[in-house]
Amino acid sequence: AVAAVAPRAAVADESAEDMVARIAANSAAANEAARAKAEKAGADKAKAKEGSSSLVLGVGAAGVALTLPFFLPNLLRLGSKLSSGGEDDGYGA
């Protein structure tokens, strides 16, 4: 009855070298799995980045094209003022 109540003593079935080798093998396997997962995630992220950069450039170009009619007269006046050296303000008369 005392044996059932008393805590059991830890008994090592394998030597310290065997335990270290087992832990190292488990760690190496976990590291390899994490490395493979990180490489796959990096490849997926690179694919997503390629598609998103063209999308961003397209949206930027569309924004410039759609707003150009609003600021084109100002750019033309600026061009005439710069080409005349400041003499012509670009408003005509």
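Worth saying up front: this structure is predicted, and the values here are computed from it rather than measured. (Residues numbered from 1 in each chain as written. Predicted model: local features only at pLDDT ≥ 70, side-chain atom pairs only at ≥ 80, totals over all residues. Heavy atoms only, no water.)

Another point: the overall build of the protein chain. The helix and strand tally for the protein chain stands at 2 helices and 0 strands. In the protein chain, which comprises 93 residues, the share counted as buried stands at 0%. Summing over all exposed atoms, the protein chain offers an accessible surface of approximately 8000 Å²; the carbon and sulfur share of this is 66%. (Helix = DSSP H or I, 4+ residues; strand = E, 2+ residues; numbered from the N terminus. Buried < 20%, exposed > 50% of the residue type's maximum accessible area, 1.4 Å probe, protein only. Areas by Shrake-Rupley, 256 points an atom, 1.4 Å probe, with all protein chains shown as cover.)

A word on helix α2 (residues 16-83). What sets the pattern is the α-helix's 3.6 residues per turn: residues three or four places apart point alike. Between its terminal C-alpha atoms α2 stretches only 86 Å, short of the 100 Å expected from 68 residues at 1.5 Å a residue. Maximal helix bending in α2 amounts to about 65 degrees, located at Pro69. Of the residues one or two after α2, Gly85 is the one with positive phi, at around 75 degrees. (Expected span 1.5 Å × (residues − 1). Bend = angle between axes of the 7 residues up to and from the residue.)

Attention shifts here to the pattern of salt bridges. Pairing between side chains becomes possible if they bear opposite charge and their charged atoms approach one another. Scanning the entire structure with this criterion turns up 1 salt bridge. Salt-bridge contacts for Arg35 lead to Glu32; the nearest nitrogen and oxygen are separated by 2.8 Å. Remark: Glu32 and Arg35 occur in helix α2; sequence separation between them is 3 residues, near one turn of the helix. (Salt bridge = Lys/Arg side-chain N within 4 Å of Asp/Glu carboxyl O.)

Purely geometric stuff here, so don't read any function into it on its own.
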